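These are the residues of each chain, in order.
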Amino acid sequence: MTELEAIVARHSVRQYEDRPLADDVVATLQAAVDEANEASGLHIQLVTNEPGAFGKGLAHYGKFRGVSNYFAICGPKGAEAEELAGYYGEKLVLLAQTLGLNTCWVALTFSKRAAHFELAVGERLIIMIALGYGATQGAAHRSVDASKVARADGEVPEWFANGVAAALLAPTAMNQQRFRFTLVHPGVEGEPMRVQATAPRGIQTKVDLGIVRYHFEVGAGKENFIWA
Ligand SMILES: Cc1cc2nc3c(=O)[nH]c(=O)nc-3n(C[C@H](O)[C@H](O)[C@H](O)COP(=O)(O)O)c2cc1C
């Protein structure tokens, strides 16, 4: 499964089978976590066989059942780290999908007190991603029209439309899809096309922005543009 196929196949899954992650899957994910931390300065932790954060026993968190594995995405305070959390977290989500796993981003519906993670000085828990063998594969979300999230003056290249389509398949908090991609023609012959990605202030909109940026890169092809 390619990353683009993973983008199409992925939906949030909140109920999981009672089955530990295979050893080789854990090793692959851990290597990807190490790489992401190195590249981003985040402190992402893969936690396995830990049912407490999602309500072992009587407590239930939203529609979540059977969650024993998660990524705890920790890092510095501020909006920049939130966007990085989205970008590198979604890269892990798509990798997990290619490994036959399912995922769900989680901002609220877990016990922060029960969750296992370590913080270095100046760090905080930014967000979590639940992970495991899904009881189902989930279902496609409703999407806003591409015209609501994309702006381009002049001709719209196919790669830009493909990037926007991939972004619209991305998970966003409460499926809010509050982001905007703007194509900026260079004006000078031979200069690369630029794309500006923005999000308004709001709940988790910076994490969402990082997530949709990652999808846009996969859909559009990184070789076709530079970020403005
Ligand atoms: C930043 C972020 C935070 C989220 N927080 C929660 C959460 O606390 N509880 C929950 O059940 N789903 C949460 N979700 C999952 C979204 O509801 C879901 O991604 C959205 O409805 C789109 O559906 P899809 O992921 O199946 O495409 C979150 C998603 C994102 C991106």
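Placed above this text is the structure.
Just so you know, these numbers come straight off a predicted model, no measurement behind them.

A. Inspection of the site of the ligand at higher detail. Near the ligand you find 22 residues, and of these Ser-12, Trp-105, Leu-108, Pro-171 and Asn-175 are the closest. If you list the elements that add at least two residues to the shell around the ligand, you get β3 (102–106) and α6 (205–220). Class assignment of the residues belonging to the shell around the ligand gives a composition of 11 nonpolar, 9 polar and 2 charged. Summarising the domain contributions, the shell around the ligand has at least three residues from each of domain 1 (3–132) and domain 2 (146–227).

B. Just the packing of helix α5 (residues 158–168) against α6, in detail. The contact between α5 and α6 brings their axes to 7 Å, and the two run at 140°. Taken together, the axis directions place α5 and α6 in an arrangement best described as oblique. The chirality of how α5 crosses α6 is right-handed. Residue-level contacts link Trp-159, Phe-160, Asn-162, Gly-163, Ala-165, Ala-166 and Ala-167 of α5 to Val-212, His-215, Phe-216, Val-218, Gly-219 and Ala-220 of α6.

C. Inspection of the sheet that holds strand β5 (residues 150–152) at higher detail. Spatial strand order, β5-β6-β7-β8: 4 strands in an open sheet with mixed pairing. One side of each edge strand has no neighbouring strand; the edge strands of this open sheet are β5 and β8 (226–227). Where β5 lies against strand β6 (residues 180–184), 3 bridges are found, and the strand directions are parallel. Bridge pairing links Ala-150 to Phe-181 in β6.

D. Highlighting the nonpolar core. Residues Ile-73, Met-128 and Ile-129 are the most contacted members of the largest nonpolar core, which totals 58 residues. Looking at this core, the elements with two or more residues in it are α2 (23–40), β2 (69–76), α3 (79–98), β3, β4 (123–132), α5, β6 and α6. Per-domain counts for this core show at least three residues from each of domain 1 (3–132) and domain 2 (146–227). Once residues within four sequence positions are removed from consideration, Met-128 is found in contact with Tyr-70, Phe-71, Ala-72, Ile-73, Val-106, Phe-110 and Ala-115.

E. The packing of α3 against α6, seen in detail. Closest axis-to-axis distance for the α3/α6 pair is 7 Å, and the angle between their directions is 40°. When the axis of α3 is compared with that of α6, the two are oblique. In terms of crossing hand, the pair formed by α3 and α6 is right-handed. Contact residues: α3 offers Ala-79, Glu-82, Glu-83, Leu-84, Ala-85, Gly-86, Tyr-87, Glu-90 and Lys-91, while α6 offers Lys-206, Val-207, Asp-208, Leu-209, Gly-210, Ile-211, Arg-213, Tyr-214 and His-215.

F. Just α3, in detail. Its 20 residues place the ends of α3 29 Å apart at the C-alpha level, agreeing with the 28 Å of an ideal helix rising 1.5 Å per residue. Within α3, 17 of the 20 residues are buried, leaving the element largely enclosed by the surrounding structure. Downstream of α3 by one or two residues, Gly-100 has phi in the positive range, about 90°.

Parameters and conventions
- Residues numbered from 1 in each chain as written.
- Predicted model: local features only at pLDDT ≥ 70, side-chain atom pairs only at ≥ 80, totals over all residues.
- Near = placed C-beta within 6 Å.
- Helix = DSSP H or I, 4+ residues; strand = E, 2+ residues; numbered from the N terminus.
- Nonpolar A, V, L, I, M, F, W, Y, C, P; charged D, E, K, R; others polar.
- Domains from an automatic or database assignment.
- Axes fitted to C-alpha atoms, helices over the stretch in contact; angles between N-to-C directions.
- Parallel < 35°, antiparallel > 145°, perpendicular 65-115°, else oblique.
- Left-handed = near helix turned anticlockwise from the far one by under 90°.
- Contact = placed C-beta atoms within 7 Å.
- Pairing = 2+ DSSP bridges.
- Core = buried A, V, L, I, M, F, W, Y, C linked by C-beta atoms within 7 Å.
- Buried ≥ 20, exposed ≤ 12 C-beta atoms within 10 Å, placed from the backbone.
- Expected span 1.5 Å × (residues − 1).

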